[in-house]
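# Residue-level structure breakdown
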Amino acid sequence: SAVISQKPSRDICQRGTSLTIQCQVDSQVTMMFWYRQQPGQSLTLIATANQGSEATYESGFVIDKFPISRPNLTFSTLTVSNMSPEDSSIYLCSVDGAGVADTQYFGPGTRLTVL
Amino acid sequence: GIQVEQSPPDLILQEGANSTLRCNFSDSVNNLQWFHQNPWGQLINLFYIPSGTKQNGRLSATTVATERYSLLYISSSQTTDSGVYFCAVLFSGNTPLVFGKGTRLSVIA
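So, a few notes on the structure that sits alongside this text. All of these numbers come straight from a predicted model, not from anything done at the bench.

Broken down by element type, chain A carries zero helices and eleven strands. Along the chain direction, N to C, the helices and strands of chain A fall in the order β-β-β-β-β-β-β-β-β-β-β. Its C-alpha atoms give chain A a radius of gyration of 13 Å, within 12% of the compact-globule value 13 Å for 115 residues. Seen through its C-alpha atoms, chain A measures out along the principal axes to roughly 40 × 25 × 20 Å. Sequence separation of at least 24 residues holds for 53% of the intrachain contacts in chain A that already meet a minimum separation of 6.

Written out as structure tokens, the structure reads:
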């Protein structure tokens, strides 16, 4: 399994500002994923981030709103730009389970509230 | 389209009771995982079970891939079992992991 940490664990932000969320993994992984969980809802994939290439965004999510960096095999960032109250969600980082095919592990999440 | 459906959506149990949660999926799968999301939002891996049966303490899971469903059994439930249980499926063809809407379980003392 992989141990994943996220920073910050929670934040309260003003509308119109941006927040960058960091995800750190204790081992090298090929694929990292970013999910959003709106209040009372299930998880929705925002994008897949592979090291050395542009992130692949799911339908309904765009790079200008959710820019992602993946500078190496253990780290990624997600920025939530120009925030509005509708962006209030839990944002979760996930990685593929190195050595266990097709298994995904999740970080503890970042709980974001936009006022 | 590809779908993951969970039932029941909500479940209230007395401590010590047993329960069965169901996950139906619409197509062939490469992977199926069960997660427990605790009240603090942390997603805990319970099982990686694309087929067959697995057990871990009071929890067990069975996936019948040919009939496109999986079951999660919780025996002798405890208040710490409360939270939301998600089924997530990786369908064949490199689609991303698709989550069901979850079953919200409340275990009362």
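The next thing to look at is the state of the cysteines. All names here are of chain A. Within this structure, the stated rule accounts for two disulfides over all chains. Across a sulfur-sulfur distance of 1.9 Å, cysteine 23 and cysteine 93 are joined as a disulfide pair. Its S-S torsion of about -65° marks the bond between cysteine 23 and cysteine 93 as left-handed, since a negative value means left-handed. One end of the pair, cysteine 23, is in strand E3 (residues 19–25); the other, cysteine 93, is in strand E9 (residues 89–96), with 70 residues separating them in the sequence.

This paragraph deals with the sheet that holds strand E8 (residues 69–74) of chain B. Residues and elements named next belong to chain B. A sheet is described by the order of its strands in space; here five strands give the open sequence E1-E3-E8-E7-E6, paired in antiparallel fashion. Strands at the two margins of the open sheet, each flanked by one partner only, are strand E1 (4–7) and strand E6 (52–56). Ignoring strand direction, the axes of neighbouring strands in this sheet form an average angle of 15°.

Structurally, Thr103(A) is set in the loop between E9 and strand E10 (104–106). Excluding anything up to four places from it in sequence, Thr103(A) contacts Val95(A), Asp96(A), Gly97(A), Asn31(B), Gln33(B) and Tyr48(B).

Moving on to the interface of chain A and chain B. With 18 residues of chain A at the contact, the number on the chain B side is 19 residues. Inspection of the chain A/chain B interface yields zero salt bridges. Where chain A meets chain B, there are five residue pairs in polar contact (both at pLDDT 80 or more). For the side of chain A that touches chain B, the elements supplying multiple residues, two or more each, are strand E4 (31–37), strand E5 (43–50), E9 and E10 of chain A. Considering each element in turn, the side of chain A that touches chain B owes the most residues, three residues, to E10(A). In the side of chain A that touches chain B, the residues fall into nine nonpolar, six polar and three charged.

We now examine the packing of aromatic side chains. Taken as a whole, this structure holds seven aromatic pairs over all chains when the rule is applied. When the centroid spacing of 5.7 Å and the interplanar angle of 75° are considered together, the rings of Tyr35(A) and Phe99(B) count as edge-to-face. With one member in each of two chains, Tyr35(A) in strand E4 and Phe99(B) in strand E10 (residues 98–99) form a pair that bridges those chains. No difference in accessibility class separates Tyr35(A) from Phe99(B), as the two residues are buried. By way of ring pairs, the aromatic residues Tyr35(A), Phe106(A), Phe35(B), Phe86(B) and Phe99(B) are connected into one cluster. Stacked on the ring of Tyr69(B), the Lys or Arg Arg22(B) has its end atom at 4.3 Å from the ring centre.

Quick notes on the rules
Residues numbered from 1 in each chain as written. Chains lettered and ligands numbered in written order. Predicted model: local features only at pLDDT ≥ 70, side-chain atom pairs only at ≥ 80, totals over all residues. Heavy atoms only, no water. Helix = DSSP H or I, 4+ residues; strand = E, 2+ residues; numbered from the N terminus. Rg over C-alpha atoms; globule rule 2.2 N^0.38 Å. Contact = heavy atoms within 4.5 Å. Disulfide = S-S within 2.5 Å. Pairing = 2+ DSSP bridges. Axes fitted to C-alpha atoms, helices over the stretch in contact; angles between N-to-C directions. Salt bridge = Lys/Arg side-chain N within 4 Å of Asp/Glu carboxyl O. Polar contact = N/O pair within 3.5 Å; in protein donor to acceptor, adjacent residues only side chain to side chain. Nonpolar A, V, L, I, M, F, W, Y, C, P; charged D, E, K, R; others polar. Phe/Tyr/Trp six-rings, centres within 6.5 Å; stacked < 30°, edge-to-face > 60°. Buried < 20%, exposed > 50% of the residue type's maximum accessible area, 1.4 Å probe, protein only. Lys NZ or Arg CZ within 6 Å of the ring centre and 35° of its normal.

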